[in-house]
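For reference, the chains in residue letters:
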Amino acid sequence: MLRAAVSECNLNGGVPRTMPRVRRRSLTRNQFRGIKKEELQRRTSMYLASMTIDELYAEILYEILHNVGCDVNYEIGQTALFSYAQDAFKIANDKHRRLLEMAEKKEAPELLLNVEVIEAKDLKPKDSNGLSDPFVTLFLTSNNSHRYNTSVKTMTLSPVWEEHFALPITSSINDDTLCLEVWDFDPAESVKEKLGKIFEVKGVKGMRKLVKEIAVTATTGQHENELIGRAKIPLNTIPASGMTMWYSLDKKNKVNRQGVLKVRISYSSEKNNQVAEQEHRHVLRIILLHELEMSKVAPYWWCGTFSPQGEQLLTQHIAQSGLNPTEVALCQWSVFAGIHQNHQLSFTLFSNLLDKLIKPLQSNSVSEEDLKLFWEATKKLLPSCFSIIRKIRKKSTSEKATMKQVTEVLKILNYINSLEPLPNFDLFPSTIYPWITYHGEGNNCNVPATLNDAVAQGASDWLNHILENNKRPDETEISRLQNLIQIIQLVRSDLQKAIEFYDKLFQETINFQYAKALYVFYQAKISTMVEPEVREICKGLKKLNYTGYNSLTNGDANTDPLTEGTSLFELYLAVQRFATLALGLCPADCDTFHIKNFHEWFHGGVAQWLDIAVYKALQRIEKAVELDKLVHVDNTVKYSSSAVDTLTIFYQVKVFWQQLNWPDVEGYYTFIAKIIDDICRCCVFYADKMSARVDGMGDVQDIYEKKFEVTNEWCLAINNIDYVRETLEPFTRDLGMEEVIQKISKLKSPVEAQRCQHTLENVIANAIDTVRNKIIELLEIVVAKMAPAMKRLLIEGAELCNQDSNSIDRLMMYVDNNLSTLHRELNEENFNRTLEIVWDMLSKTLCEIIQSNLDKRRPPSFFDNLRKTLNLMLGSFKNPADCDNCNDLKRTEQILRIHGLETADLIHQVHLDMADHFNKIKDSPYGEISVRCKFEGNTLAVEVMNARNLMAMDSNGSCDAFIRVHLLPEHKFSEHDKPKTKTHNKTQFPLFDEKFVLKLSPEQRQIEDALLLFSVKDKDLLGYNNQYIGEAFLDFKSIEDTTLPLTSLPQIHLQLSRPKDLTLDSVKALEYRQGDKQAKEFLKKFKQRMGS
Amino acid sequence: MAAARNNMRPAQKNTLLKVVILGDGGVGKSCLMNRFVSNQFDEHSFHTIGVEFLNKDVDIDGETYTLQIWDTAGQERFKTLRTPFYRGSDICMLTYAVDDRPSFRNLEMWKNEFLYYADVRENAQFPFIVVGNKSDVPAEEREVSHLEMSTWCNENSITSCIEASAKNANNVQEAFRMAVQHWLRLETRADRNEQPINDTVDLTKRHSENRMSCCIGAADD
């Protein structure tokens, strides 16, 4: 390879010939004298076209023979250099000898010493105004007649000249010295002119100087420049590569420094510049190729360091050809870029070159020819730069060298980007950059666009590689999903790497958002890859049926909807994580990315995921219930492990929901409703499983009977369900309800948001209610299991009350034990619920017992005993006071009490019920009566005063009324008459004004519920069949006990009434007493009174 | 009977029935539900977002049924949001507006969508009820006749159909009651034919025993 490159240098393979020398006489480079410019150019191009290796070699030998500069490494020696050159140029020995002879014969080169007088400082003032008018004279001591002067800078002690001089070196460099003298210019002035300056004189010294000057002028009549100081520089102290220095100015007899002078000194030749550059490029190429071949340096490694021999040859060539640093750098750029194509050099080399070149390039101080060469070379270099960018992933980011290389590449690109490209120059031809997407007008020199494309192309290549490597043999949907997940993960880690290592580098070096460019590319790619796949899969999702957790074992993992749905969700999460990156990377643009609405692709999957969440939850719940040992989780709580597990399972659903983080507000809201409904379903499922788990527990059989004991397990089951229920509401709040309602309010309207809120609240309330239902269901089971024993207790109690009975004790103990267990184990709410159910059950049971025993015509004592047993049992309930709240039971107990009454008492009960009922009547159709009553001791005084508006009983529309007074209960007042008023004929407003006094026994007086009954009747003409008008009751308790006369007491007005129907419990109870004569008789009369 | 039980559900539970209302956007599904549940009508109601949910008790033949009514959004873009709610439904109310022929033509689509997502067993007679809303519109605006409705229902073996107006409250209560009665008829028939329940749990199957739950017949063993 290297050899081939060398032979290419042998441009035309032409015969060796002497190299034409174009000499320049002028001090400035671009002016030539003697030869016309056109002729010069013609010759140059001829020479350039016909230059051969041999000629170049001869030139190099000649330069070795005439090394210049103080920095020549004499240790290397000419011999070593010759041998190095011979090797590098691959010249045969005999040819070498011939060429060397030729070179030795040639006269020594005409070198020029380039001197730039830059500036001086701290000059001693020579003029009377305290300043000087300095100028510099320079010459070589070997030729001191040939002096060069700078211009004069007036009235300054720190002049700036920046003037160039080229002094031909004629004698040996080692002996010659450059002499620089700074003079104060003194123009020819007359004494008179000088005297005119007196006023400008500064200070005493200035005055003295002026006086002296005037004196000199006056005596010699001519002006005399005055030396300020001089510097002498032996030429052998000047390195071949030149130097810039401050030299101090001395003056004979003066110890003090007279000032300092800054000069730049370098060698140059009178070689034609283009020729010199071309030569240099060739030499550079030959030497570099030679060195690369010799040292076997790794690609991208060579950074500009030559061997000492190579270095010396090049330095000498530069010095002896008079190339300036920019020209050298341009040569290097061109040669290095060329070589780089075949043998990659370090990018640091190029970036450093650009450091030197960028200013001259930007300031247009480079010749058109060089500029063209520069861009041609650049065009060669750039593909390799972009290749680095494209293949950035092949480098290990942990290596410093990688980062350095990328940095240098970016620096190069940044420099290039800052330059104005040549007109009509296609920097990025599409043949070399087939991946470029930028197609602007005309030629493409758009570095940032190309960089962007390179980044994208690199990503694309890498992605294709990844896709190729991750191909799966089976093409099931699940494996395709998993493949996508993997690819997204890889892409994400690539982005991560980009962010971590390169992004800052790109931004700082070339102001390019690397990670963002990558993201833009990837998001489009991922979108096109994932979207159609996901939409397709979502369409064909298989339904999920939960058939118990064992059903999974025989499922095929590749086709089962659970795995597929799970994979789909994983993909969702992967895409979600990817999409989220946009917020950090390019917040301004993320709205424009297709991937932003990725969730829409998955829309159809959400329902499936919710189903899966439920499916898994059910599975785990079933397992949790199965594993539950039904013991308290710890001493402080009253639930067991499955309740805690179930909450964990719910928590997992919540985690799923949080992961889903559904961005669409309407969807978010709706799915929450669904989740709440689903969680409710899980609760119910749990309740069912729990109750199935404890079913059959507590059924015990001893020698006496088969019965059910309330066990801790049962209570735990109930507590568990309740515990789960309690967490429903907080759980649903955690789903982000409030936030989403607020969002709907913003997005839609507050009214709609409120409706959504209502819906969610309704769904929650409904869920809680439903689970509560389940608890009640379970409690009902418990109570139903206890019911037979309780029923037996009641019946046996009714039969055997007041007799000592083991059976009753045992039953009492049973009820007591079970209730104690319930009270101890259940929480208060559930215990109260249990009691309510028990009461419900009891009242139903009692009704049954009562009914069946009434049918059996059991005596009142049976029911009385039953009532006593009931109260005994209620007494064992833990908070019997609450029993009053149970109307059912209270009423049942009331009925029981009535049935327990002896018939006479029962009849009185009827009267009491009637009295209670009548006293509520406000306006009676039968009329009303007025009475006065009082007790005085045991004596009852009754005054029947009058009646009003009596119902007309006779055909004449009037009646003949009288009132009889009864004392009730009748059997307790049997010895008393029933006093009766006179009959008042044909009036509905009879005035009786009759007084009755009844002496009662103290016992009678003390009867609590004794009543006065006023019975109003219509006297039949014949006196046989008095017609009943109505009646009124007055109880003893409302009668005053007083010594005041009856007349002073207020009248009591009583509405008359009649028994309406047979619906009173007491009446009904009487009806059951078919065999009882007393009951029968009473009912007969009762019905008569009803019917009249 | 158990009036004294404050803030507690009566021990005797109601039968819970899940009702789903389907139909094109704008036929008045939400209005029907609101009229039925709270006897209110809002002339300018919004599009439903996703779903709405309300509870309402109805008494039929002395039994109390709690209807859990899921009102769905009819717009196509809500499809994936509403379909998850079909599962476990006991009753499906298909609605259209009598002044909107396309909405009537879409009944077929709605019925199929429901059957697909509700996962109803193929041969099972499902209690659909067709409700033609907006019966209050003037005759000249009417686009679907009563006869057409009953013909369609006959063709599709749907025995319950009714025209109603959420606006003037005509037939709204009746529509829902009719739906429950229809369900009852099918349920009693199903009970007679029902096989003994196997002991696995099938979430999609409707178990008559589990009517108590608001959720799909979640379990039974």
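Residues numbered from 1 in each chain as written. Chains lettered and ligands numbered in written order. Predicted model: local features only at pLDDT ≥ 70, side-chain atom pairs only at ≥ 80, totals over all residues. Heavy atoms only, no water.

J.: How should I be thinking about the packing of aromatic side chains in this particular structure?
T.: Between two aromatic rings, the relevant description is the distance of the centres plus the angle of the planes. Residue and element names in this part refer to chain A. For the coordinates displayed, the defined rule picks out 53 aromatic pairs over all chains. Ring centres 5.1 Å apart and planes at 85° place the aromatic pair F428 and Y433 in the edge-to-face group. Accessibility assignment for this pair places F428 and Y433 in one class, buried. Geometrically, the ring pair formed by F598 and F602 is edge-to-face, given 6.4 Å between the ring centres and 75° between the ring planes. For the pair shown, F598 and F602 are each scored as buried. Taken together, the ring pairs in this structure connect F569, Y572, F598, W601, F602, W609, F656, W662 and F671 into an aromatic cluster. Across from the ring centre of W246, 4.5 Å away, lies the NZ or CZ of K121, which sits over that ring. Over the aromatic face of Y668 sits the side chain of K743, whose NZ or CZ is 6.0 Å from the ring centroid. (Phe/Tyr/Trp six-rings, centres within 6.5 Å; stacked < 30°, edge-to-face > 60°. Buried < 20%, exposed > 50% of the residue type's maximum accessible area, 1.4 Å probe, protein only. Lys NZ or Arg CZ within 6 Å of the ring centre and 35° of its normal.)

J.: Can you help me understand the pairing of strand 13 (residues 961-968) of chain A in this one?
T.: Regular strands have side chains that alternate between both faces of the sheet. All names here are of chain A. With respect to burial, strand 13 is a largely interior element, 7 of its 8 residues being buried. Of the pairings in the sheet, the one linking strand 13 to strand 15 (residues 1011-1018) comprises 8 bridges and is antiparallel in character. Of the residues in strand 15, the one forming a bridge with L968 is L1011. (Helix = DSSP H or I, 4+ residues; strand = E, 2+ residues; numbered from the N terminus. Pairing = 2+ DSSP bridges.)

J.: Quick question: what am I supposed to make of the packing of helix 22 (residues 712-733) of chain A against helix 25 (residues 806-825) of chain A here?
T.: In a packed pair of helices, the relevant descriptors are the angle between the two axes and the axis-to-axis distance. Residue and element names in this part refer to chain A. Two elements in contact, helix 22 and helix 25, have axes whose closest approach is 10 Å; the angle formed by their N-to-C orientations is 40°. The interaxial crossing formed by helix 22 with helix 25 has right-handed handedness. Contact residues: helix 22 offers N712, C715 and N719, while helix 25 offers T821, L822, R824 and E825. In terms of residue class, the contact of helix 22 with helix 25 is made up of 2 nonpolar, 3 polar and 2 charged. (Axes fitted to C-alpha atoms, helices over the stretch in contact; angles between N-to-C directions. Left-handed = near helix turned anticlockwise from the far one by under 90°. Contact = heavy atoms within 4.5 Å. Nonpolar A, V, L, I, M, F, W, Y, C, P; charged D, E, K, R; others polar.)

J.: Help me understand helix 9 (residues 308-321) of chain A, please; the structure alone is not making it clear to me.
T.: Note that an α-helix has 3.6 residues per turn; residues three or four places apart therefore point the same way. Residues and elements named next belong to chain A. With 14 residues, helix 9 should cover 20 Å at 1.5 Å per step; its first-to-last C-alpha distance of 19 Å lies within 8% of that length. With respect to burial, helix 9 is a largely interior element, 10 of its 14 residues being buried. Those residues of helix 9 that sit buried are G310, Q312, L313, L314, T315, Q316, H317, A319, Q320 and S321. On its buried face, helix 9 sits against helix 3 (53-65), helix 4 (77-89), strand 1 (111-121), strand 8 (260-269) and helix 8 (273-295). (Expected span 1.5 Å × (residues − 1).)

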